[in-house]
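Residues per chain, in single letters:
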Amino acid sequence: KIQLGGKRMIPGFEEGLVGAVAGEERTLDITFPEDYGNEELKGQPAQFKVTLKKVLEPVLPELDETFFNAFGIKEASLDKFKVEVRRNMERELRSALRNRVKAQVMDQLSSLVQIDLPKALVTQEVQRLRQNMLQQFGGAQVDPAMLPDELFSEQARKSVALGLIVGEIVRSVGIKVDGDRVRKQVEEIAESYETPKEVVAWYY
């Protein structure tokens, strides 16, 4: 599903769907932005053939007990719901900050350490990145020829290199897993789900 105005797709994709009706086919000529996460795709033109299956309109729900219960909040009230929303936002902020610091550290490692990469690992990572991109299109029919290996090669090499570098750091420094910290992190992730205990069990 693609929500117009959600800005989850590359610039021009959502705009190219404005006014379309169910069953309509459109061809979108789009250029990947210069700041796109994949180095191989930055500034590159692409053509997407899109068929709309269904067009839906969002409707704001009533802030009532039915709405609150849908989020797994027992003895629901507006005040309690606001507390839960704030907790979720704070959790997302902590996660975003951790990811930002992690990305900065990984970029530094990538620039400081140069290693020879096993071709098989790079090929496997290219396939994984391609599959992830296909999933981002929400099941839309995408011609595999539009996603050649070259589009993912640089990102795949970086990912494989970082995996090997970090793995060697863990071994050489003797980093050990802190069970309590792992448990705390897993429980924090699970809080955002309706059945936290099941999520914790799945992670373990």
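The rules behind each value
Residues numbered from 1 in each chain as written. Predicted model: local features only at pLDDT ≥ 70, side-chain atom pairs only at ≥ 80, totals over all residues. Heavy atoms only, no water. Helix = DSSP H or I, 4+ residues; strand = E, 2+ residues; numbered from the N terminus. Rg over C-alpha atoms; globule rule 2.2 N^0.38 Å. Buried < 20%, exposed > 50% of the residue type's maximum accessible area, 1.4 Å probe, protein only. Areas by Shrake-Rupley, 256 points an atom, 1.4 Å probe, with all protein chains shown as cover. Lys, Arg positive; Asp, Glu negative; His and termini not counted. Charge placed at Lys NZ, Arg CZ, Asp CG, Glu CD. pLDDT = per-residue confidence, 0-100. Salt bridge = Lys/Arg side-chain N within 4 Å of Asp/Glu carboxyl O. Axes fitted to C-alpha atoms, helices over the stretch in contact; angles between N-to-C directions. Parallel < 35°, antiparallel > 145°, perpendicular 65-115°, else oblique. Left-handed = near helix turned anticlockwise from the far one by under 90°. Contact = heavy atoms within 4.5 Å. Nonpolar A, V, L, I, M, F, W, Y, C, P; charged D, E, K, R; others polar.

### Here's the deal with the overall build of the chain
Part 1 of the reasoning: Within the chain, the regular secondary structure consists of 6 helices and 2 strands.
Part 2 of the reasoning: Counted from the first residue to the last, the chain has its helices and strands arranged as β-β-α-α-α-α-α-α.
Part 3 of the reasoning: Here the C-alpha radius of gyration of the chain, 22 Å, is well above what a compact globule of 204 residues would show, namely 17 Å.
Part 4 of the reasoning: Burial statistics for the chain: of 204 residues in total, 24% are counted as buried.
Part 5 of the reasoning: Here the chain displays about 15800 Å² of accessible surface, and carbon together with sulfur accounts for 54% of that area.
Part 6 of the reasoning: Taking the average place of the 29 positive charges on the side chains of the chain and the average place of its 33 negative ones, the gap between the two points comes to 4 Å.

### Side note on unusual backbone geometry
Part 1 of the reasoning: Despite not being glycine, Lys-7 shows a phi value in the positive range, around 55°.
Part 2 of the reasoning: On the secondary structure map, Lys-7 appears in the segment before β1 (25-31).
Part 3 of the reasoning: Of the residues examined, Lys-7 reaches a relative accessible area of 70% and is grouped as exposed.

### Digging into the confidence of the model for the chain
Part 1 of the reasoning: When pLDDT is averaged across the chain, the result is 87; 98% of the residues are at 70 or more.
Part 2 of the reasoning: Model confidence for the chain, summarised as mean pLDDT per element, is weakest for helix α1 (residues 65-69) at 82 and strongest for helix α4 (residues 153-173) at 93.

### Some thoughts on the pattern of salt bridges
Part 1 of the reasoning: This structure, assessed with the given rule, holds 11 salt bridges.
Part 2 of the reasoning: With a closest N to O distance of 3.6 Å, Glu-191 and Arg-87 form a salt bridge. A residue pair is termed long-range when its members are at least 10 positions apart, and Glu-191 in the loop between α5 (179-190) and α6 (196-203) and Arg-87 in helix α2 (residues 78-112) qualify at 104 residues.
Part 3 of the reasoning: The class for Glu-191 is partly exposed, based on a relative accessible area of 35%.
Part 4 of the reasoning: With its nearest N and O atoms 2.8 Å apart, the salt bridge here joins Glu-191 to Arg-91. In this pair, Glu-191 is assigned in the loop between α5 and α6 and Arg-91 in helix α2, connecting sequence segments 100 residues apart.

### Quick look at the packing of α5 against α6
Part 1 of the reasoning: Two elements in contact, α5 and α6, have axes separated by 9 Å at closest approach and are oriented at 135°. Relative to α6, the element α5 lies oblique. Considering how the two elements wind past one another, α5 and α6 form a crossing that is right-handed. Every residue of α6 that contacts α5 at Arg-183, Val-186, Glu-187, Ile-189 and Ala-190 is listed here: Pro-196, Val-199, Val-200 and Tyr-203.
Part 2 of the reasoning: Residues that form the contact of α5 with α6 fall into these classes: 7 nonpolar, no polar and 2 charged.

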